[in-house]
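What follows is the residue order along each chain.
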Amino acid sequence: MADTFVSDFQVRSLAGEPCAAVSVRNLSTNLYAASDAWGRKCTVAPQPCLISAEVHFKQPFGTAAANDQLGADTVHYGNLSKAILERMKRFAVPREQEQEQEQSGNGDKNSVQENNNNNNNNNNNNNFTLAYVIHDLWVGLTGWAHFGSVKEEEKPFLDISTIRFLSLTVTLPKASLLGDGVSMTCSQFFRNGPGEKMRENLISASLKIHNLKVPTLVGVNPHERRAKQFVVTSVNVERYFRMDDYYPELEGVVVKALEESSYETLEALGAHLAEKILEPDHRKDHTKWQVHIRMEKPTAVPLADCPIVEARAGYGFPAPGRPAAS
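Residues numbered from 1 in each chain as written. Predicted model: local features only at pLDDT ≥ 70, side-chain atom pairs only at ≥ 80, totals over all residues. Heavy atoms only, no water.

J.: I'd like to hear about the overall build of the protein chain, residue by residue, with values.
T.: Looking only at helices and strands, the protein chain features 9 helices and 8 strands. Split into buried and exposed, the 326 residues of the protein chain put 48% on the buried side. Intrachain contacts of the protein chain at a sequence separation of at least 6 include 67% that bridge at least 24 residues. Entry remark: accessible area of the protein chain is about 16,400 Å², with carbon and sulfur atoms responsible for 49%. (Helix = DSSP H or I, 4+ residues; strand = E, 2+ residues; numbered from the N terminus. Buried < 20%, exposed > 50% of the residue type's maximum accessible area, 1.4 Å probe, protein only. Contact = heavy atoms within 4.5 Å. Areas by Shrake-Rupley, 256 points an atom, 1.4 Å probe, with all protein chains shown as cover.)

Take a look at the structure:
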């Protein structure tokens, strides 16, 4: 069977331009889940969370457009927002508080079992990672696991037989020490509707660190060799299959490479960054990662906001050449 786990760009390209779509951007809530910027589990104090959903339909709006009323050919964005927030409530309670409630049940095993079921089938608190949160949300909205072939909810919010493309993004704006946050995105092109062929649908998952601001020695001009300047770097890892909270470690890899830089060009620095991220120690067993690096130098061109250099590397891309570090 052909590889169905691809990049977000490939999923969107094959799904094509939508004839009808409904989106909700940056729906706000708090989570007692995932790791913070220091890699600590948020079990006692919550962290802010932003959720975006994008739904493309197979057919144009029919009833909604012709009769000016909602029908099965669309999704009410207010109800979509409510469904998302309702699903996220399972991550809105401190984990330690839940444990105390279970332990104070005076031996009531039924009560303990009920609490465990409400906490996603006895998953350990430490397993409430960012990847777990977005995949649980996916199940709640579609009824199916994002990776394709397992139906987990009998009455999901969305009727996926009418949907061509779905994308969910969960952003943690405070989960980066030097950047503007961390996000994970899952997307799927529903080429096949519910059934055995669900596993043949194209899916994508990516982890992104946004706008790391790191003083970096880089530039070809004499004055740029005398002092560091800010390089604003975003790193997006696609074909991302890991379920642990890897982003604090990933940020450390990127920041260390930038701080130690002595390259003259962003092109060479980008190649070096990609090489560091794709080292086997960081990828573990995931040899099919694709890395998209975007670098900005805000002070380099006085009459522009910034010059930007982007590079892609990893699975399916040729290894970028670069000079040896000085």
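J.: How would you summarise the packing of helix α7 (residues 247-259) against helix α8 (residues 266-277) if you had to cite specific residues and measurements?
T.: Following both chains from N to C, one finds α7 and α8 inclined at 145°, their axes separated by 10 Å at the closest point. Crossing angle aside, the handedness with which α7 passes α8 is right-handed. Residues L250, V253, V254, A257 and L258 of α7 form the contact with α8, whose own contacting residues are L269, H272, L273, K276 and I277. Class assignment of the residues belonging to the contact of α7 with α8 gives a composition of 8 nonpolar, 1 polar and 1 charged. (Axes fitted to C-alpha atoms, helices over the stretch in contact; angles between N-to-C directions. Left-handed = near helix turned anticlockwise from the far one by under 90°. Nonpolar A, V, L, I, M, F, W, Y, C, P; charged D, E, K, R; others polar.)

J.: Give me the nonpolar core: which residues, what numbers.
T.: Soluble globular proteins tend to bury their nonpolar side chains together. I84, M88 and L130 are the most contacted members of the largest nonpolar core, which totals 73 residues. Once you skip the residues sitting within four places of it in the chain, I84 turns out to touch L27, I51, A53, L137 and L141. In terms of nonpolar packing, the next biggest core, distinct from the first, is built from 6 residues, V6, A15, F189 and L202 among them. (Core = buried A, V, L, I, M, F, W, Y, C linked by side-chain atoms within 4.5 Å.)

J.: Give a description of the sheet that holds strand β8 (residues 308-314) that names residues and reports values.
T.: With antiparallel pairing, the 8 strands of this open sheet are ordered in space as β1-β2-β3-β4-β5-β6-β7-β8. Edge positions in the open sheet fall to β1 (21-31) and β8, since each of these has one partner strand only. For this sheet, the mean inter-axis angle between neighbouring strands, taken without regard to orientation, is 15°. As defined by bridge partners, strand β3 (residues 163-172) adjoins strand β4 (residues 182-189) across 8 bridges and the pair is classed as antiparallel. In the sheet register, L172 faces β4, and the bridge partner there is V182. Here α7 sits on the sheet and contacts β3, β4, β5 (202-216) and β6 (229-238); the angle it forms with β5, its principal contact strand, is near 40°. (Pairing = 2+ DSSP bridges.)

J.: Can you tell me about the side chain of S176, naming the residues and giving the values?
T.: With respect to the helices and strands, the residue S176 is situated in the loop between β3 and β4. Of note is the side chain of S176, whose polar atom sits 2.9 Å from the backbone nitrogen of G179. The contacts of S176, once residues within four sequence positions are left out, are A37, G181, V182, I209, L212 and E251. (Polar contact = N/O pair within 3.5 Å; in protein donor to acceptor, adjacent residues only side chain to side chain.)

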